[in-house]
Amino acid sequence: MSKNKNVIVQQKILELLKDFCFKILDQEYLELSNKLTIKLSREYDLILESSKPAVWAAAIIHALGTINFLFDKSFEPFVTVDEINLFFGTSKSTTGNKSREIRNKLNLDYCDQEFSIRSMLENNPYEKYIMVNGFIVPRDLAELEPSSNEPKPSQNMINKETPTKPQKVIPVDDSLGL
């Protein structure tokens with residue numbers, strides 16, 4: 001696709017997104033959808049020529065909505081996939097397929113640092129935990145300094161390696177009253 005045609009397609013997509021976000025969503029989704037459109041057109045300009053701008057606009061909203069729980073009634077804002085498709089005049093399967101293509105190409109997932117809304121990032125449960133020696137522990141607990149009475153963590157824990165040989169636990173039969 002020529003640079004000039006790419007810019008024209010990108011502008012059409014941005015206009016459609018602006019209209020949708022002003023009428024149905026909010027400023028934050030407008031900013032994220034613009035950012036996603038620009039990234040797609042810069043890094044993957046060839047895919048923009050494969051469909052109509054309305055399909056890409058619907059797919060961009062769908063991709064952002066998927067990773068930000070836009071389709072969950074308990075979150076604000078809320079919109080259905082059918083409302084997106086009705087607004088853009090697209091089909092559910094086409095929108096879903098293009099959305100998946102976007103998410104796969106850009107590795108978008110829940111709590112994505114670049115394309116999540118602020119409330120999702122602020123309530124990200126993954127930020128509160130880390131993995132230490134194969135166990136998921138609260139970050140604040142893992143970052144505490146051990147008291148002087150407690151033994152310091154072994155080098156295995158610090159390097160997140162597993163012990164060389166685990167201890168075998170033998171169950172005790174307490175039914176004999178021993």
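This is a predicted model, so every value here is computed, not measured.

**Side note on the packing of helix 1 (residues 3–23) against helix 5 (residues 81–88)**
Right, so step 1: Remark: helix 1 packs on helix 5, axes separated minimally by 11 Å, with the N-to-C direction vectors making an angle of 130°. Between helix 1 and helix 5, the angle falls in the class oblique. Judged by the sense of rotation from one axis to the other, the crossing of helix 1 with helix 5 is right-handed. Judged by residue contacts, Leu16, Asp19, Phe20 and Lys23 of helix 1 engage Ile84, Phe87 and Phe88 from helix 5.
Right, so step 2: Partitioned by chemical class, the residues of the contact of helix 1 with helix 5 number five nonpolar, no polar and two charged.

**Looking at the packing of aromatic side chains**
Right, so step 1: With the rule as written, the count across this model stands at five aromatic pairs.
Right, so step 2: Summarising the aromatic geometry, the rings of Phe20 and Phe87 are spaced 5.0 Å apart at their centres and angled 75° between planes, so their arrangement reads as edge-to-face. Pair noted here: Phe20 is in helix 1 and Phe87 is in helix 5, with a separation of 67 residues, a long-range link.
Right, so step 3: Here the aromatic residues Phe20, Phe87 and Phe88 are joined through ring pairs into a cluster of three or more.
Right, so step 4: In this structure, Lys35 packs its charged tip against the face of Phe115, placed 5.6 Å from the ring centre.

**As for unusual backbone geometry**
Note on backbone geometry: most residues besides glycine have negative phi, and most peptide bonds are trans.
Right, so step 1: Residues Glu76 and Pro77 are joined by a peptide bond in cis, for which omega reads -10°.
Right, so step 2: With respect to the helices, strands and loops of the structure, Pro77 is situated in the loop between helix 4 (53–67) and helix 5.

**Some words on the nonpolar core**
Right, so step 1: Core analysis: the largest hydrophobic core is formed by 30 residues, its most contacted members being Leu25, Leu36, Ile60, Ile61 and Ile102.
Right, so step 2: Of all the elements, helix 4 adds the most residues to this core, at nine residues.
Right, so step 3: Excluding residues that lie within four positions of it along the chain, Leu36 makes contacts with Ile60, Leu64, Ile102, Leu106, Leu108 and Phe115.

**Side note on the side chain of Lys98**
Right, so step 1: Relative to the elements of secondary structure, Lys98 occurs in helix 6 (residues 92–105).
Right, so step 2: Setting aside anything within four residues of it in sequence, one finds Lys98 in contact with Ser50, Ser51, Val55, Trp56 and Ala59.

**Topic: the side chain of Ser99**
Right, so step 1: In this fold, Ser99 is placed in helix 6.
Right, so step 2: A relative accessible area of 0% places Ser99 in the buried class.
Right, so step 3: At 3.2 Å, the side chain of Ser99 forms a polar contact with the backbone nitrogen of Ala63.
Right, so step 4: With near-sequence residues (within four places) excluded, Ser99 lies in contact with Ala59, His62, Ala63 and Thr66.

**Thoughts on the environment of Ile60**
Right, so step 1: Mapped onto the elements, Ile60 comes out in helix 4.
Right, so step 2: A relative accessible area of 0% means that Ile60 is categorised as buried.
Right, so step 3: Sequence separation between Ile60 and Thr95 is 35 residues; the distance between their C-alpha atoms is 8.7 Å.
Right, so step 4: Sequence-distant contacts of Ile60, that is, excluding residues within four places in its chain, are made with Ile13, Leu17, Ser33, Leu36, Thr37, Leu40 and Ile102.

**Notes on the pairing of strand 1 (residues 129–132)**
Right, so step 1: Of the strand pairs in this sheet, strand 1 and strand 2 (residues 135–138) are connected by four bridges, and their pairing is antiparallel. Bridge pairing links Tyr129 to Pro138 in strand 2.
Right, so step 2: Between strand 1 and strand 2, which follow one another and run antiparallel, lie two residues, and Asn133 among them has a positive phi close to 55°.

Calculation notes
- Residues numbered from 1 in each chain as written.
- Predicted model: local features only at pLDDT ≥ 70, side-chain atom pairs only at ≥ 80, totals over all residues.
- Heavy atoms only, no water.
- Axes fitted to C-alpha atoms, helices over the stretch in contact; angles between N-to-C directions.
- Helix = DSSP H or I, 4+ residues; strand = E, 2+ residues; numbered from the N terminus.
- Parallel < 35°, antiparallel > 145°, perpendicular 65-115°, else oblique.
- Left-handed = near helix turned anticlockwise from the far one by under 90°.
- Contact = heavy atoms within 4.5 Å.
- Nonpolar A, V, L, I, M, F, W, Y, C, P; charged D, E, K, R; others polar.
- Phe/Tyr/Trp six-rings, centres within 6.5 Å; stacked < 30°, edge-to-face > 60°.
- Lys NZ or Arg CZ within 6 Å of the ring centre and 35° of its normal.
- Core = buried A, V, L, I, M, F, W, Y, C linked by side-chain atoms within 4.5 Å.
- Buried < 20%, exposed > 50% of the residue type's maximum accessible area, 1.4 Å probe, protein only.
- Polar contact = N/O pair within 3.5 Å; in protein donor to acceptor, adjacent residues only side chain to side chain.
- Pairing = 2+ DSSP bridges.

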